[in-house]
Amino acid sequence: MSEVFVSHIAEAATAVRQLTPYLPTIGLVLGSGLNALANSIQNPDIIPYEQIPHWPVSTVPGHGGRLVIGQLEGQTVLVQQGRAHFYEGYSMPQITLPIRVMQQLGVQTLIVTNAAGGINASFQPGDLMLITDHINFLGIAGHNPLRGPNEDSFGPRFPDMTRPYDLHLRQIALEVAQAHHFTLQQGVYGYVAGPSFETPAELRFLRTVGVDAVGMSTVPEVVVARHAGMRVLGISSITNKANPDPQPGTTVTHDEVLETGKQIVPNLMALIRGILPRVLETTSG
Ligand code: HPA
C-alpha cells in the first residue's frame, strides 16, 4: 500500500472521529437493497460520504451513501450504508478504504452483507445464506486488495485465510435463525467483478468449482478485515436464481435484485439484531 494511501486512510479516520464521539467496535456493511437496516440505529450520528475525504461514493442505484453510527441492541455500531465496487472503476485499495477506517476507529468485528445470485439449486430468491468460505476469483487473478507494499502496522504480509468467516459468529447466526424459525442457508460465495451478470457457461463453471452464490462485492472487504485481525461474519441475500439452465425468456435484472433485497430485510434485521448482543461472548474461531 502506498504511503499516499496510508495518509488518505488517516485523514478519513480523523474526519469521522471529528464528526462523532462514538467509539464503534462493530462494523456493518449493507449491500444492494438492504439500506433499510440502518434506520433502526438509535441516537445515530449520520455522516454523508461526501464529508469524509477520500471515501469512495457508490454510483449504483440502491446503495445509500452515508455512515450511520450509534447504538443497536446495546452495541456501538458503525453502519456503512452503501459500498463502492470494483466495476465502478475504483481500485481495490479504494473500495476497502472503509474497512481500514473502521480498523483505525477500533472496530474488531465486521458483519458484511450483500446481494447474490443463488447457484445452488436448493436456494430460492428471498433466502439468506451464511457465507462459510469464498473464492476470490479476482484475487486469484491478481486483484487482491493487499497487493503492493505491506503496511506492517495494519497487518502481516501473508495473512492466514484458513478460517475467513468466524465459526463462533456463524454458530450464533444459525441459533438466531432457528429461534426465528427461518432457514439460514450456508455456502461458498464466489466473487466476480461484474457488472455484467454471468453467462450460462460461467455459471456452470462456478457451480462445478463449488460456488453456491455469486456476487460482485464483499470479498475484498473480508480480505482486508482479516488482514486487520477482525472477526468476520458474512451474509448473502439470495436475490435471484443464477441458473446455468435458464428457462426460455428469463433474465436477471438489477431491479429484481433490489426488490428481492427489500423483501429479505425483515429476516436479515432479525438475524443481525439477534447476533449483536452475543458478539462479545465469542472467541475467535
Ligand atoms: N450475479 C452476480 N452478482 C449478483 C447477482 C448475480 O446473479 N445477483 C446479485 N448480485
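Scanning the protein chain from N- to C-terminus turns up 8 helices and 9 strands. Radius of gyration (C-alpha) of the protein chain: 18 Å, near the 19 Å computed for a compact globule of 285 residues. By its C-alpha atoms, the protein chain is 55 × 40 × 35 Å across when sized along the principal axes. Looking at the protein chain residue by residue over its 285 residues, the buried ones come to 54%.

What follows covers the packing of aromatic side chains. Counted according to the given criterion, the structure contains 2 aromatic pairs. Taking the centre distance of 6.0 Å and the plane angle of 55° together, the rings of F137 and F205 count as tilted. A residue pair is termed long-range when its members are at least 10 positions apart, and F137 in helix α4 (residues 137-140) and F205 in helix α6 (residues 200-208) qualify at 68 residues.

Throughout the structure, instances matching the rule amount to 4 salt bridges. Of the charged contacts, one joins D166 and R231 as a salt bridge, the two residues approaching to 4.0 Å between their closest N and O atoms. One end of the pair, D166, is in the loop between α4 and α5 (167-179); the other, R231, is in strand β9 (residues 231-241), with 65 residues separating them in the sequence. For E175, the salt bridge identified is with R278, shortest N-O distance 2.9 Å. Linking E175 in helix α5 with R278 in the segment after α8 (254-275), this pair joins segments that are 103 residues apart in sequence. Take E175: its relative accessible area is 33%, and that puts it in the partly exposed class. The exposure class of R278 is partly exposed, given its relative accessible area of 24%.

Looking at the ligand, the residues that line it are A115, A116, G117, F197, E198, V214, G215, M216, T239, N240 and V257. At 2.7 Å from a nitrogen atom of the ligand is found a side-chain nitrogen or oxygen belonging to N240. Those elements that place two or more of their residues in the shell around the ligand are β5 (109-118), β8 (213-215) and β9.

Its place among the elements puts R147 in the loop between α4 and α5. Residue class for R147 comes out exposed when judged on its relative accessible area of 66%. Remark: the alpha-carbon pair of R147 and I99, spanning 48 residues in sequence, is separated by 16 Å.

Our focus in this paragraph is the packing of α5 against α8. For any two helices packed against each other, one specifies the crossing angle of their axes together with the interaxial distance. Running from N to C, α5 and α8 cross one another at 125°; their axes reach a closest spacing of 9 Å. Viewed along their axes, α5 and α8 adopt a mutual orientation that is oblique. Where α5 crosses over α8, the handedness of that crossing is right-handed. Each of I172, A173, V176 and A177 in α5 lies in contact with α8, whose residues at this interface are A270, L271, G274 and I275. Across the contact of α5 with α8, the residue classes tally to 7 nonpolar, 1 polar and no charged.

Let us look at the pairing of strand β4 (residues 75-81). For a regular strand, side-chain orientation follows a simple rule: the groups alternate between the two sheet faces. Burial of β4 is extensive: 7 of the 7 residues sit out of reach of the surface. Covered by surrounding structure in β4 are Q75, V77, V79 and Q81 together with T76, L78 and Q80, the residues of both alternating faces. Bridge count for strand β1 (residues 26-30) against β4 is 5 bridges, and the pairing is parallel. Across the sheet, residue I26 finds its bridge partner in β4, namely V77. The loop that links strand β3 (residues 66-72) with its antiparallel partner β4 comprises 2 residues; one of these, E73, has a positive phi angle of about 50°.

Conventions used here
Residues numbered from 1 in each chain as written. Predicted model: local features only at pLDDT ≥ 70, side-chain atom pairs only at ≥ 80, totals over all residues. Heavy atoms only, no water. Helix = DSSP H or I, 4+ residues; strand = E, 2+ residues; numbered from the N terminus. Rg over C-alpha atoms; globule rule 2.2 N^0.38 Å. Buried < 20%, exposed > 50% of the residue type's maximum accessible area, 1.4 Å probe, protein only. Phe/Tyr/Trp six-rings, centres within 6.5 Å; stacked < 30°, edge-to-face > 60°. Salt bridge = Lys/Arg side-chain N within 4 Å of Asp/Glu carboxyl O. Near = heavy atom within 4 Å. Polar contact = N/O pair within 3.5 Å; in protein donor to acceptor, adjacent residues only side chain to side chain. Axes fitted to C-alpha atoms, helices over the stretch in contact; angles between N-to-C directions. Parallel < 35°, antiparallel > 145°, perpendicular 65-115°, else oblique. Left-handed = near helix turned anticlockwise from the far one by under 90°. Contact = heavy atoms within 4.5 Å. Nonpolar A, V, L, I, M, F, W, Y, C, P; charged D, E, K, R; others polar. Pairing = 2+ DSSP bridges.

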